[in-house]
Amino acid sequence: MAVTDTPIDSEESFARSAGKQLAIYALYALVLLASLIYVFSLVAGRTGSGTSGGAVDVANNSVTTTLRQEPPQLDAGRSTDASSFVVLAHVMEGLLAYDDNMQLIPGMAERWEVREDGATFWIRDEALWSNGDSVTAHDFEFAWKRVVDPDTASEYAFILYPILNAEAITQGELPKEMLGVQAVDDQTLEVQFAQPTPYFDKLVAFNTYLPLQQEFYESTDGRYGADAEYMIYNGPYVVEEWIHGASMLWRKNPTYWGDHKGFLDEINAAYITTDINAKLNLFKDGQIAETQLLAPMLPEAMEKRWQIDRVMDGTVFFLEFNHREGRITDNWHFRRAMQLAQSSDELVYKVLKEAAYLPAVSLFPVWIQGLNDIFRTEYPPIEHKLNVQLAREHLEMARQELGLEEFPPIVFLTGDTPISILSSEYYQELYKQNLGLEIRIDVQNFKQRLAKMTSGEFDVVVAGWGPDYDDPLTFGDFFASWNLNNRGRYNSPEMDAQVRIAQAELDPKKRLDAFGEIQRIVYEDVTLIPMYERGWAFVVDPRLKGFKRRSVGPEVDFNFAYIEEVED
Amino acid sequence: MTRSNMWIFILKRLVQGIFTVWFIATATFFAMHNVPGDPLLNDRATTEAIRANLQAKYGLDKPVTTQYVIYLGNLVRGDLGISFTQENREVNDIIRDHFPVSAILGILAVIFAAAGGVLWGALTAIYRNRWPDYVIMFLVILGISVPSFVVAAISQLLLVNVNDLFGTTVLPVAGWGTVLHMLVPAMVLGLGTMAYLTRLMRSSMLEIVSSDFVRTAKAKGVPPARIFAKHQLRNAILPVITVLGPSIAAITTGGFVVELVFAIPGLGRYFVQAVQQLDYTVIMGTTVFYGAFLVFMVIVVDVLYGFIDPRVRME
């Protein structure tokens, strides 16, 4: 037996030799780990974002960006989410499109005419699908009939309702062949209206109105839009590669007809994440060309002398009342009291403190266009002043009208995002102080909040509304009694009458007057209490020009973007 | 004798496992259908007709018990259905595309955690109550108590600064695809488990250091390196192996935050999003898949145990 010359009770020497043994094991583990990582990387290479040339690659004329989430699918007729809209805005084009200043320009249609009873679109000869086929009027007829087909179950079918019979078809009352749209020949698309629709030109720029080639659609066996190879494109870019959940690569579409869009050879949406901090890190590291900035990030951004820009994202947030009969909030004096006891300035400037947010003062956001100018310049909203004294008087009148000893707790339904919870807590404190009202906050996740809104289990709900198309009507018809999105069931003949004028009036001035009236009714009848208009501060790589963030349409827009080298 | 015993043991555990998975499937199914909220509601309100068509498409128009029977039938055939939110993707595809990513990240994190845990644990035991012990145990407490989203965010920021310092991308800040993309996320993901394993290893070592057979070995004059390797380490590592199986499952399925921060296309994100969106088929699919995975890992560990510890095989 080997005899060691170290005393066996020596802790020190035991530790030393055990430590040596441990170091040997650690070395083994390290080697094993390294070889394992190597093997894994071979596997992962097939599921990843691949190599990227950094934020702006001048040599290859390409940029790298992010998507906020994986597009659920890219079937334009059924898409409902912001991410899909961004992708579709680059790879597809409708009859009409927007230029870089949000003015309507010709798209697939080189000419069009909107009349009282319908519209005609003349489709350009040179419009091609990415497979080389011509884009024809039949592609639009097929696409639109498919959208209203109840079997398609498109959630955006309502946006086609101005077309004759569209509503009845979605209700299953008429066959889809009865839709008021017809391809007279390959080049001419005739549309019949259900009622005069003077804003129809703006509607056809929306995603749900995009064309679809019947032959190709049928060849995909129900998988249209599920993957890059199950789509054909008619926009300035095509989806070259789509790795689900990881990345998407758009390449310039050689068959696109115009030269006013699509100046980049490649757009690489290399990262899919909602994490704004992660995006900022990627931007700082020179991996992506643009990102949003939250208030706490601004000091650092200014210190670095970044060019900071801001944009309204289009959405208006408001307190929506439950107008159903029997609710306390059905009482006008009560709503008026709540209106007078608050001011959105305080909410935005003292509570939310997001630099790019604006205090909301109307149902119509600040960027909506009027006749010759901004709508709110032409039709200024009624000036709101905080007046707690008057608010208390109205509250007392409400109490008497309702025959109440004391008001029960008011149920404030709200989403589970930090900002809606923060807002609700602010109102809870505010109404307690100013009116002595007890607010019970009911925090729910997205789907459950919608369920409770739809069934009317709330007094007040923290809600928001974003635009679908660039016309005041996208906000203006919200409180029509027949609008399913009017989940507080506001019902006023005066409002309905104005919405009808806004929908069908051909004289632009009279039509805008109706929106002015709607704005007035919303304030005077206290249909809602405006909270804030959401905006973003954002930063763009100085080499990338012509990049847009939009209030309506795709939230990010590279259609007019190009690269310009910067001299240091 | 021992070999056939082993097979019977595995078979028994498998049958138990199938029952467990069935139970998970059933419980999830009914829990999900009783969660308030309506999966078909969305921002833009739809008409009754469109709603009815959506319900028919996903089989929600049938009574819940019928849905359950159909669901179980499909499950046995391995068909998990089509996602509610990603309407053109089968849940099977989602799992096939994204589980490997989570698995790679998870396995790497576990190896990292296990190797680190054993190493640091053994080290602290050897240097008990001396400064290496104090330093490591302090870090361990930190590792256990700081949540992973903080660690993830800080380490990402650190990466940016490191890259900035070197003027080139030493390690990518986010994304997936190469070795370099994996290192930091795996470390972040494995950190909590590593800290836990370090503590486990330490106490397990300390117990064995003072046991009779170690004293005997020392008395016999066995070389210290051999005592450490064969008597102490091998015995002390057993509890670590025990928790390794569940740890692999927990890490692989719990990578949501890390996947989000580092923009990694793993399954964790889909799982969490599905719950938020009440995407019934994806919730069911991922839960059952994860459940089966967990059960499988536990069985593997039980079998593995038999190889490492001869005493288990004897019983």
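Keep in mind that this is a model prediction, so the values were computed, not measured. (Residues numbered from 1 in each chain as written. Chains lettered and ligands numbered in written order. Predicted model: local features only at pLDDT ≥ 70, side-chain atom pairs only at ≥ 80, totals over all residues. Heavy atoms only, no water.)

Q: For the overall build of chain A, give the residues involved together with the corresponding values.
A: When you go through chain A residue by residue, the secondary structure sums to 17 helices and 22 strands. In chain A, buried positions account for 58% of the 568 residues. Of the contacts formed within chain A by residues at least 6 apart in sequence, a portion of 68% connects residues at least 24 apart. Counting only carbon and sulfur atoms, one obtains 50% of the accessible surface of chain A, whose full area is about 23700 Å². Put simply, chain A has 49 plus and 88 minus side-chain charges, and the middle of one group is 5 Å from the middle of the other. (Helix = DSSP H or I, 4+ residues; strand = E, 2+ residues; numbered from the N terminus. Buried < 20%, exposed > 50% of the residue type's maximum accessible area, 1.4 Å probe, protein only. Contact = heavy atoms within 4.5 Å. Areas by Shrake-Rupley, 256 points an atom, 1.4 Å probe, with all protein chains shown as cover. Lys, Arg positive; Asp, Glu negative; His and termini not counted. Charge placed at Lys NZ, Arg CZ, Asp CG, Glu CD.)

Q: Please set out the overall build of chain B residue by residue, giving values where relevant.
A: Check the secondary structure of chain B and you find 14 helices and 0 strands. In chain B, the order of α-helices and β-strands from amino to carboxyl end is α-α-α-α-α-α-α-α-α-α-α-α-α-α. When the backbone C-alpha atoms are referred to their principal axes, chain B occupies close to 85 × 65 × 30 Å. When the 315 residues of chain B are sorted by exposure, 50% land in the buried category. By sequence separation, contacts in chain B at least 24 residues apart represent 74% of the contacts at least 6 residues apart. Total accessible area on chain B is roughly 14900 Å²; 69% of this is exposed by carbon and sulfur atoms. Looking at chain B, you have 23 positive and 18 negative side-chain charges, and the mean spots of the two groups are 16 Å apart.

Q: Describe the sheet that holds strand E7 (residues 181-183) of chain A, naming the residues involved and giving the relevant values.
A: Residue and element names in this part refer to chain A. On the basis of which strands lie adjacent, the open sheet formed by 4 strands has the order E5-E6-E8-E7 and antiparallel pairing. For this open sheet the edge positions go to strand E5 (109-114) and E7, each flanked by a neighbour on one side alone. Taking the axes of each pair of neighbouring strands and ignoring which way they run, one obtains an average angle of 15 degrees across the sheet. Note: strand E6 (residues 118-123) against strand E8 (residues 188-192), 5 bridges, orientation antiparallel. Within E8, the position partnered with Ala 119 by the bridge is Val 191. Seen against the sheet, helix H3 (residues 137-148) touches E6, E7 and E8 and runs at an angle of roughly 150 degrees to E7. (Pairing = 2+ DSSP bridges. Axes fitted to C-alpha atoms, helices over the stretch in contact; angles between N-to-C directions.)

Q: So what's going on with the interface of chain A and chain B? Residues and values would help.
A: You'll often see interface size given as the accessible area lost when the parts meet. Listed per partner, the contact involves 79 residues of chain A and 71 residues of chain B. Between chain A and chain B, a total of about 6400 Å² is buried, with carbon and sulfur atoms accounting for 61% of that surface. Linking chain A to chain B there are 2 salt bridges. Ionic pairing is found between Arg 89 of chain B and Glu 70 of chain A, a salt bridge with its closest N-O pair at 3.6 Å. On the surface where chain A and chain B come into contact, there are 15 residue pairs in polar contact (both at pLDDT 80 or more). Of all the secondary structure elements, the ones that give two or more residues to the side of chain A that touches chain B are helix H1 (11-44), strand E11 (266-272), helix H7 (276-284) and helix H14 (446-455) of chain A. (Buried area = accessible area lost by both parts, 1.4 Å probe. Salt bridge = Lys/Arg side-chain N within 4 Å of Asp/Glu carboxyl O. Polar contact = N/O pair within 3.5 Å; in protein donor to acceptor, adjacent residues only side chain to side chain.)

Q: With reference to specific residues and values, describe unusual backbone geometry.
A: All names here are of chain A. The backbone phi angle of Lys 353 is positive, close to 55 degrees, even though this residue is not glycine. Relative to the elements of secondary structure, Lys 353 occurs in the loop between helix H10 (344-352) and strand E14 (358-359). Taking the relative accessible area as the measure of exposure, Lys 353 reaches 55% and is therefore exposed.

Q: How would you summarise the pattern of salt bridges if you had to cite specific residues and measurements?
A: Residue and element names in this part refer to chain A. Here the structure, examined in full by the defined rule, presents 38 salt bridges over all chains. A salt bridge links Asp 541 to Arg 543; the nearest nitrogen and oxygen atoms lie 3.0 Å apart. Arg 543 sits in the partly exposed class, given a relative accessible area of 27%. Residues joined by salt bridges that share partners form a network here, namely Glu 113, Arg 115, Asp 117 and Glu 190.

Q: Lay out the nonpolar core with the relevant residues and their values.
A: Residues Trp 144, Phe 200, Tyr 209 and Val 239 of chain A are the most contacted members of the largest nonpolar core, which totals 222 residues. With 18 residues, helix H4 (residues 91-126) of chain B is the largest single contributor of residues to this core. Residues contacting Tyr 209 of chain A, with those up to four places away along its chain left out, are Phe 140, Trp 144, Ile 159, Leu 160, Pro 162, Ile 163, Phe 200, Leu 203 and Val 204 of chain A. Core analysis: the second largest hydrophobic core is formed by 32 residues, Phe 334, Leu 347, Phe 407 and Tyr 532 of chain A among them. (Core = buried A, V, L, I, M, F, W, Y, C linked by side-chain atoms within 4.5 Å.)

Q: Talk me through the sheet that holds strand E9 (residues 237-243) of chain A; I want residue IDs and the actual numbers.
A: Residue and element names in this part refer to chain A. One open sheet accounts for 5 strands, arranged E1-E2-E11-E10-E9; its pairing is mixed. The open sheet has two edge strands with one neighbour each: strand E1 (56-57) and E9. In this sheet, E11 lies alongside strand E2 (residues 62-67) in parallel orientation, the contact comprising 6 bridges. If you follow Thr 64 over to E11, its bridge partner there is Asn 268.

Q: Mind laying out the packing of aromatic side chains, listing which residues take part and the relevant values?
A: The tally for this structure, following the rule as stated, stands at 44 aromatic pairs over all chains. Judged by centre distance (5.7 Å) and plane angle (45 degrees), the ring pair of Tyr 256 of chain A and Trp 257 of chain A falls under tilted. Between the aromatic rings of Phe 289 of chain B and Tyr 290 of chain B, the centroid separation amounts to 6.2 Å while the plane-to-plane angle is 50 degrees, which identifies the pairing as tilted. Among the aromatic residues, ring-to-ring pairing joins Phe 121, Phe 140, Trp 144, Phe 193, Phe 200 and Tyr 209 of chain A into one connected group. One residue, Arg 44 of chain B, lies across the ring of Trp 465 of chain A, its end atom 3.9 Å from the ring centre. (Phe/Tyr/Trp six-rings, centres within 6.5 Å; stacked < 30°, edge-to-face > 60°. Lys NZ or Arg CZ within 6 Å of the ring centre and 35° of its normal.)

Q: Describe the confidence of the model for chain B, naming the residues involved and giving the relevant values.
A: Residue and element names in this part refer to chain B. Mean pLDDT over chain B works out to 85, with 97% of the residues at or above the 70 mark. Here helix H14 (residues 310-314) stands out as the element of chain B with the lowest mean pLDDT, 60, in contrast to helix H3 (residues 64-76), whose mean of 91 is the highest. Reported confidence for the predicted complex is 0.82 by ipTM and 0.87 by pTM. (pLDDT = per-residue confidence, 0-100.)

Q: Would you mind going over helix H12 (residues 388-402) of chain A in detail, with residue names and values included?
A: All names here are of chain A. With 15 residues, H12 ought to run about 21 Å at 1.5 Å a step, and its terminal C-alpha atoms sit 21 Å apart, in line with that. Looking only at H12, the buried set comprises Ala 391, His 394, Leu 395 and Ala 398. When H12 is viewed along its axis, its buried side chains cluster within an angular range of 105 degrees and face the same direction. Counted as exposed and oriented over 90 degrees from the buried face of H12: Gln 389 and Gln 400. Residues of H12 that are buried sit in contact with helix H9 (332-340) and helix H13 (418-435). Count one or two residues on from H12 and you reach Gly 403, which has phi positive near 65 degrees. (Expected span 1.5 Å × (residues − 1). Arc of directions from axis to C-beta.)

Q: Give a description of the packing of H7 of chain A against helix H6 (residues 148-166) of chain B that names residues and reports values.
A: Remark: H7 of chain A packs on H6 of chain B, axes separated minimally by 9 Å, with the N-to-C direction vectors making an angle of 10 degrees. Comparing their axes, H6 of chain B and H7 of chain A come out roughly parallel. Contacts between H7 of chain A and H6 of chain B pair Asn 277, Ala 278, Asn 281 and Lys 284 of chain A from the former with Gln 156, Leu 157 and Val 160 of chain B from the latter. Tallied by class, residues from the contact of H7 of chain A with H6 of chain B come to 3 nonpolar, 3 polar and 1 charged. (Parallel < 35°, antiparallel > 145°, perpendicular 65-115°, else oblique. Nonpolar A, V, L, I, M, F, W, Y, C, P; charged D, E, K, R; others polar.)

Q: Which residues make up the side chain of Gln 444 of chain A, and what are the values?
A: Residue and element names in this part refer to chain A. Here Gln 444 shows up in the loop between strand E16 (439-443) and H14. According to the relative accessible area criterion, Gln 444 is buried, its value standing at 16%. Look past the residues within four positions of Gln 444 in its chain and what remains in contact with it is Leu 413, Thr 414, Gly 415, Asp 416, Arg 449 and Lys 452.

Q: Residues and numbers for the pairing of E8 of chain A, please.
A: Residues and elements named next belong to chain A. As paired strands, E7 and E8 are joined by 3 bridges and run antiparallel to one another. Bridge assignment links Val 181 to a residue of E8, and that residue is Val 191. Counted between consecutive antiparallel strands, the loop separating E7 from E8 contains 4 residues.

Q: Give me a nonpolar patch on the surface: which residues, what numbers.
A: Among the surface-exposed residues, Trp 131, Tyr 134, Val 135, Phe 138, Leu 139, Leu 142 and Val 146 of chain B lie close enough to one another that they form a single nonpolar patch of about 770 Å² accessible area. With respect to the helices and strands, the residue Leu 139 of chain B is situated in helix H5 (residues 131-145). (Patch = residues over 30% accessible without salt bridge, like charges linked within 9 Å, V, L, I, M, F, W, Y side chains within 5 Å.)

Q: Tell me about the pairing of strand E10 (residues 247-252) of chain A, residues and numbers included.
A: Residues and elements named next belong to chain A. Where E9 lies against E10, 6 bridges are found, and the strand directions are antiparallel. If you follow Val 238 over to E10, its bridge partner there is Arg 251. Where E9 hands over to E10, the hairpin turn is made up of 3 residues, of which Gly 245 adopts a positive phi near 75 degrees. Both E10 and E11 contribute to a ladder of 4 bridges, which runs antiparallel.

Q: Explain helix H10 (residues 238-253) of chain B to me, and be specific about the residues and the numbers.
A: Here H10 of chain B contains 16 residues, and its C-alpha end-to-end distance of 24 Å stays within 8% of the 22 Å for a straight helix at 1.5 Å per residue. The largest bend in H10 of chain B is about 35 degrees, located at Leu 244 of chain B, with the proline Pro 246 of chain B one to four residues further on. (Bend = angle between axes of the 7 residues up to and from the residue.)

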